[in-house]
Amino acid sequence: MAANYPPRSEYEEKVVQVKRVSKKTKGGNRSTFSVLVVVGDKKGQVGVGLGKAPDVNSAIKKGLIKAKKDIFKVAMKGTTIKHRVLLKKGAAVVLLKPAPPGTGVIAGGPIRSVVEAAGIRDIVAKILGSSNKANNVYAAIDALKTFAVKND
């Protein structure tokens, strides 16, 4: 007897941040959740999405839908990136440097999740500005977009 499992997605999904957001209203406090999700196929495609909902599961689903719409292809040179990138987005400053084969992913939490989802196996990265996870993820995504493959 075969079990009815939901179909597997071709993308790896990683929840980077879950925040509980509270808002004052006339009837009291209204609590919602904000979830930052990174998706990638480990073959050069990566995307990020922010989902907001009254419960965590719905927020994750919304984040996944938005992340899958935002997916782009990163051009790589072997298992690393093509060249060094220093990018500032708001208060977040991110440095990405190519590394020789066998180095692995040397990066902090938010950038690590983006880079691993993209399938980059050898890279050195440093967060130089803000400690805000969401801003650092968006800065890392923008830095990787400098290597984006054009679909013409």
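I will try to describe carefully the structure that is included in this document.

Concerning the side chain of N136
Right, so step 1: By secondary structure assignment, the location of N136 is in helix α3 (residues 133-145).
Right, so step 2: Within the local environment of N136, its side chain forms a polar contact with the backbone oxygen of S130, the two atoms lying 3.0 Å apart.
Right, so step 3: If sequence neighbours within four positions are ignored, N136 has contacts with A92, V94, P110, I111, I127, S130 and S131.

Topic: the nonpolar core
Right, so step 1: By size, the foremost hydrophobic cluster in this structure holds 31 residues, and its most contacted members are V38, V46, L96, I111, V114, V137 and L144.
Right, so step 2: Counting residues per element, the ones that place at least two in this core are β2 (28-40), β3 (45-53), β5 (85-89), β6 (92-98), α2 (109-118), β8 (123-127) and α3.
Right, so step 3: By residue number, the principal contributor to this core is α3, which donates seven residues.
Right, so step 4: Setting aside residues no more than four positions away along its own chain, I111 makes contact with V94, L96, A125, K126, I127, N136 and A140.

Let's talk about the sheet that holds β5
Right, so step 1: One open sheet holds the four strands; their spatial order is β5-β6-β8-β7, and the pairing between them is mixed. A single partner strand is all that each edge strand has here, and the edge strands are β5 and β7 (105-106).
Right, so step 2: As judged from the five bridges shared by β5 and β6, these two strands associate in the antiparallel manner. Residue pairing for β6: V85 is matched across the bridge by L96.
Right, so step 3: Packing against the sheet, α2 makes contact with β6, β7 and β8, and its axis sits at approximately 145 degrees to β8.
Right, so step 4: Across the sheet, α3 touches β5, β6 and β8, and the angle it forms with β6 is around 45 degrees.

A look at the pairing of β3
Right, so step 1: In terms of strand pairing, β2 meets β3 through eight bridges, oriented antiparallel. Paired with V35 across the strands is G51, a residue of β3.
Right, so step 2: Counted between consecutive antiparallel strands, the loop separating β2 from β3 contains four residues, among which K42 sits at a positive phi close to 60 degrees.
Right, so step 3: As paired strands, β3 and strand β4 (residues 72-73) are joined by two bridges and run antiparallel to one another. For V46, the partnering residue across the bridge sits in β4 and is F72.

Some details on α2
Right, so step 1: The buried fraction of α2 amounts to seven of the ten residues, a majority that puts the element mostly inside the structure.
Right, so step 2: Among all positions in α2, only P110, I111, S113, V114, V115, A117 and A118 are buried.
Right, so step 3: At the exit of α2 stands G119, carrying a positive phi of roughly 95 degrees.

Points about the side chain of T80
Right, so step 1: One can find T80 in the loop between β4 and β5.
Right, so step 2: Separated by 2.6 Å, the side chain of T80 and the backbone oxygen of D122 make a polar contact.
Right, so step 3: If we ignore the near neighbours within four places in the chain, the residues touching T80 are P98, A99, I120, D122 and I123.

Quick look at the environment of E12
Right, so step 1: Note on placement: E12 falls in strand β1 (residues 12-25).
Right, so step 2: For E12 and K42, which are 30 residues apart along the polypeptide, the C-alpha to C-alpha distance reads 7.6 Å.
Right, so step 3: Other than its neighbours up to four places away in sequence, E12 contacts V38, V39, G40 and K42.
Right, so step 4: At 3.3 Å, the side chain of E12 and the side chain of K42 are in polar contact.

Cut-offs used in this document
- Per chain, the residues get numbers from 1 upward, laid out in the order the sequence is written.
- Predicted model: local features are reported for residues with pLDDT of at least 70 only, side-chain atom pairs are reported and counted for 80 or more only, and whole-chain, interface and lining totals are derived from all residues.
- Where side-chain values are given, they derive from all heavy atoms of the structure, hydrogens and water being excluded.
- Comment: elements are numbered from the N terminus, with helices defined as DSSP H or I runs of at least four residues and strands as E runs of at least two.
- Any pair of nitrogen or oxygen atoms within 3.5 Å is treated as a polar contact; in protein, a donor-acceptor pairing is required on top of that, and neighbouring residues in sequence qualify only through side-chain atoms on both sides.
- Contacts were defined at the residue level, with two residues in contact if any of their heavy atoms lie within 4.5 Å.
- Remark: nonpolar core denotes a set of buried residues (Ala, Val, Leu, Ile, Met, Phe, Trp, Tyr, Cys) joined through side-chain atoms within 4.5 Å.
- Each residue gets one of three labels from its accessible area relative to the maximum for its type: buried under 20%, exposed over 50%, partly exposed in between, using a 1.4 Å probe on protein chains only.
- Note on pairing: DSSP must find at least two bridges between two strands before they are called paired.
- Inter-axis angles, ranging from 0 to 180 degrees, are taken between N-to-C directions of lines fitted to C-alpha atoms, where helices are fitted over the stretch in contact.

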